[in-house]
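Secondary and tertiary structure notes
Below are the chains, spelled out letter by letter.
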Amino acid sequence: MRTVALSGAVKVPALGMGTWMMGDSRFSRAAELAALREGIDLGLTLIDTAEMYGNGRSEQLVGEAIAGRRSEVFLVSKVLPSNASRRGTVAACEQSLKNLNTDCIDLYLLHWRGSVPFAETLEAFARLQRAGKIKHYGVSNLDLADMRECWHAAGGNAIVTNQVLYNLSRRGMEFDLLPWLREQKITTMAYSPLEQARLLDNADLKAVAKRAGISPAQLALAWLLRSDDVIVIPKGGSAMHVRDNAGARDVVLSADVEAELDRLYPPPVRADR
């Protein structure tokens, strides 16, 4: 199992599972539970969710999926910016703990920047950490300017990850944000690594995957997994999709394939790209 060391310390799976838009429908609940449990069986034991997803229903789904297996799983959840005040963060975390049916969240993130000063949210994170309610904390959707500001606030240097939109077709963060995160030893967590499945319909990507003898999803995920400091969290709404995603861990891309992907999806040449 490939792992990534958060801030050079705790090791977590490089390939996990996201849960955005999961838990919303009772008709798909059984399939989603099966998918999450299949992922845990396959070692995709980092599970990402958020209080925003389905107004807590995603967290509840995760809580049901991990029942009896909490010790196997590294749980990630997020607080909404509107709740990210000193008191609001603590209250939101308590509700997430109830939804997840656990007494501790392994990694708690600010979902995106809002009007609450970073220092206030970080203070609440540190309080939750001291109380044993969370083990680590980080941020999500922060650009370079935001990250620099947050990093220099009190408690900011304990941030272990920035969860961002990152995939073959969304490479803008490679220009300035990714190098800065690496300088600070902050792990990147890539969400929507398949661009909400839109990448899978690209004819050129399908052709490259076919020549490589893998699925388009495995190709797109393996491209992200080639970096040893990037965690990837694709959603798998069915056990079949989860098994396909898990296969990306065994893929080693050749130099020719990487060059072809760079041609199809060029790296950024400007910060605004």
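Below is a short write-up of the structure. (Residues numbered from 1 in each chain as written. Predicted model: local features only at pLDDT ≥ 70, side-chain atom pairs only at ≥ 80, totals over all residues. Heavy atoms only, no water.)

**Observations regarding the overall build of the protein**
For clarity, the threshold we go by: To qualify as a helix, a DSSP run of H or I must reach at least 4 residues; to qualify as a strand, a run of E must reach at least 2; elements of each kind are numbered from the N terminus. The globule rule used here is 2.2 Å times the number of residues to the 0.38 power, and the radius of gyration it is set against is calculated over C-alpha atoms. Note on exposure labels: buried denotes an accessible area under 20% of the residue type's maximum, exposed denotes more than 50%, and partly exposed covers the range between, all computed with a 1.4 Å probe on protein chains only. Only heavy atoms matter for contacts: two residues are in contact if any of them lie within 4.5 Å across the pair. Charge convention: Lys and Arg are scored as positive, Asp and Glu as negative, and His as well as the terminal groups of each chain are ignored. By convention, charge coordinates are those of NZ in Lys, CZ in Arg, CG in Asp, or CD in Glu.
A tally of helices and strands in the protein yields 10 helices and 10 strands. Taking 273 residues into account, the globule formula puts the C-alpha radius of gyration at 19 Å, and the protein, at 18 Å, falls close to it. For the protein, the spread of C-alpha atoms along the three principal axes comes to 55 × 45 × 30 Å. Buried residues in the protein amount to 55% of all 273 residues. Considering only residue pairs separated by 6 or more positions, the protein has 75% of its internal contacts joining residues 24 or more positions apart. In the protein, which carries 33 positive and 32 negative side-chain charges, the distance between the mean positions of the two groups comes to 2 Å.

**Points about the sheet that holds strand E5 (residues 74–79)**
Hydrogen bonds along the backbone pair up the strands of a sheet, which may run parallel or antiparallel. Stated formally: Strands were regarded as paired on the criterion that DSSP finds at least two bridges between them.
In spatial order, the strands read E3-E4-E5-E6-E7-E8-E9-E10; together these 8 strands make up an open sheet with parallel pairing. Since the sheet does not close on itself, it has two edges, and those belong to strand E3 (17–18) and strand E10 (230–232), each with one partner.

**Some points on the side chain of Asn99**
Going by this rule: Side-chain atoms alone can form a polar contact between residues adjacent in sequence; in general such a contact is a pair of N or O atoms within 3.5 Å, and within protein one must be able to donate a hydrogen while the other accepts it.
Along the chain, Asn99 falls in helix H3 (residues 86–100). Classification of Asn99 by relative accessible area gives buried; the value is 12%. Among the polar contacts made by the side chain of Asn99, one reaches the side chain of Glu59 at a distance of 2.9 Å. Beyond its immediate sequence surroundings of up to four residues, Asn99 is in contact with Gly56, Glu59, Gln60 and Gly63.

**A word on the packing of aromatic side chains**
Stated precisely, the cut-off is as follows: Ring geometry is summarised as follows: Phe, Tyr and Trp rings, the Trp one being its six-membered ring, pair when their centres sit within 6.5 Å, and such pairs are stacked at plane angles under 30 degrees, edge-to-face over 60 and tilted between the two.
Applying the stated criterion across every chain, the model contains 4 aromatic pairs. Centroid distance Tyr108 to Phe125: 5.6 Å. Interplanar angle 65°. Geometry classified as edge-to-face. Of this pair, Tyr108 sits in strand E6 (residues 105–110) while Phe125 sits in helix H4 (residues 118–130), placing them 17 residues apart in sequence. The class of Tyr108 is buried, set by a relative accessible area of 0%. Summarising the aromatic geometry, the rings of Tyr166 and Trp223 are spaced 5.8 Å apart at their centres and angled 65° between planes, so their arrangement reads as edge-to-face. Placement of the pair is Tyr166 in the loop between strand E8 (159–165) and helix H6 (177–183) and Trp223 in helix H8 (residues 216–225), with a sequence separation of 57 residues. Of the aromatic side chains, those joined through ring pairs into one cluster are Tyr108, Phe125 and Tyr137.

**Structural notes on the state of the cysteines**
Heads up, the rule is: Throughout, disulfides are identified as pairs of cysteine sulfur atoms within 2.5 Å of each other.
Inspection of the entire model under this criterion finds 0 disulfides. In this model Cys93 remains outside any disulfide bridge; the closest cysteine sulfur is found in Cys104, 8.2 Å from its own. Residue classification places Cys104 among the buried positions, given a relative accessible area of 10%.

**Description of the nonpolar core**
For the record, the criterion: Take the buried residues of types Ala, Val, Leu, Ile, Met, Phe, Trp, Tyr and Cys, join any two whose side-chain atoms come within 4.5 Å, and each joined set is a nonpolar core.
Counting residues in hydrophobic clusters, the biggest one holds 86 residues, and the most contacted among them are Ile47, Tyr108 and Leu219. Element by element, the count of residues in this core is highest for H8, at 8 residues.

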